[in-house]
Amino acid sequence: MTRIKRGYIAGKRRRKIRLFTSSFRGAHSRLTRTITQQKIKALVSANRDRDRKKRGFRSLWIHRINAIIGKNKKKQYNRYSNLLYNIYKGQLLLNRKIVAQMGILKGNCLRMIANEIIT
């Protein structure tokens, strides 16, 4: 009997997974079972860490805004939450990222906006 070479489709699938895990170390890039486990783990970690990254940037912006408000000598806003509340109440379309960048690059501009919101 002639020898049957099995699994063209399965081999193709495994090859595709191997390409994904080719940069991993040791058995994680060589053995099929561990390759599939590591691929799942890597994708889960990537998804989780994208959310963590967003969370980290948001807290960075909040810290920056707090620092800028603390430097203000007139102390119109003693807290970050009061400033953001009044920004949204005044219907200004400024998110935390933009407010933090304005405070770093042009602190006077942020103070002017704060003064306009108060009056």
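To be clear, the structure that these remarks concern was listed above.
Residues numbered from 1 in each chain as written. Predicted model: local features only at pLDDT ≥ 70, side-chain atom pairs only at ≥ 80, totals over all residues. Heavy atoms only, no water.

J.: So what exactly am I meant to see when it comes to the nonpolar core here?
T.: Across soluble globular proteins, nonpolar side chains have a tendency to be buried as a group. Membership of the largest hydrophobic core comes to 14 residues, with the highest contact counts inside it found for Ile65, Leu83, Ile87 and Val99. Those elements that provide at least two residues to this core are α2 (32-71), α3 (80-89), α4 (96-105) and α5 (107-118). Sequence-distant contacts of Val99, that is, excluding residues within four places in its chain, are made with Ile65, Ile87, Leu94 and Leu110. (Core = buried A, V, L, I, M, F, W, Y, C linked by side-chain atoms within 4.5 Å. Buried < 20%, exposed > 50% of the residue type's maximum accessible area, 1.4 Å probe, protein only. Helix = DSSP H or I, 4+ residues; strand = E, 2+ residues; numbered from the N terminus. Contact = heavy atoms within 4.5 Å.)

J.: Honestly, the pattern of salt bridges in this entry has me stumped. Any pointers?
T.: Should their charged atoms come close, side chains of opposite charge can pair. Using the criterion set out here, one finds two salt bridges in the structure. Of the charged contacts in the structure, one is a salt bridge between Arg48 and Asp49, with a shortest N-O distance of 3.4 Å. Since its relative accessible area comes to 34%, Asp49 is described here as partly exposed. Three or more residues are tied together by salt bridges with common partners; here these are Arg48, Asp49 and Arg52. (Salt bridge = Lys/Arg side-chain N within 4 Å of Asp/Glu carboxyl O.)

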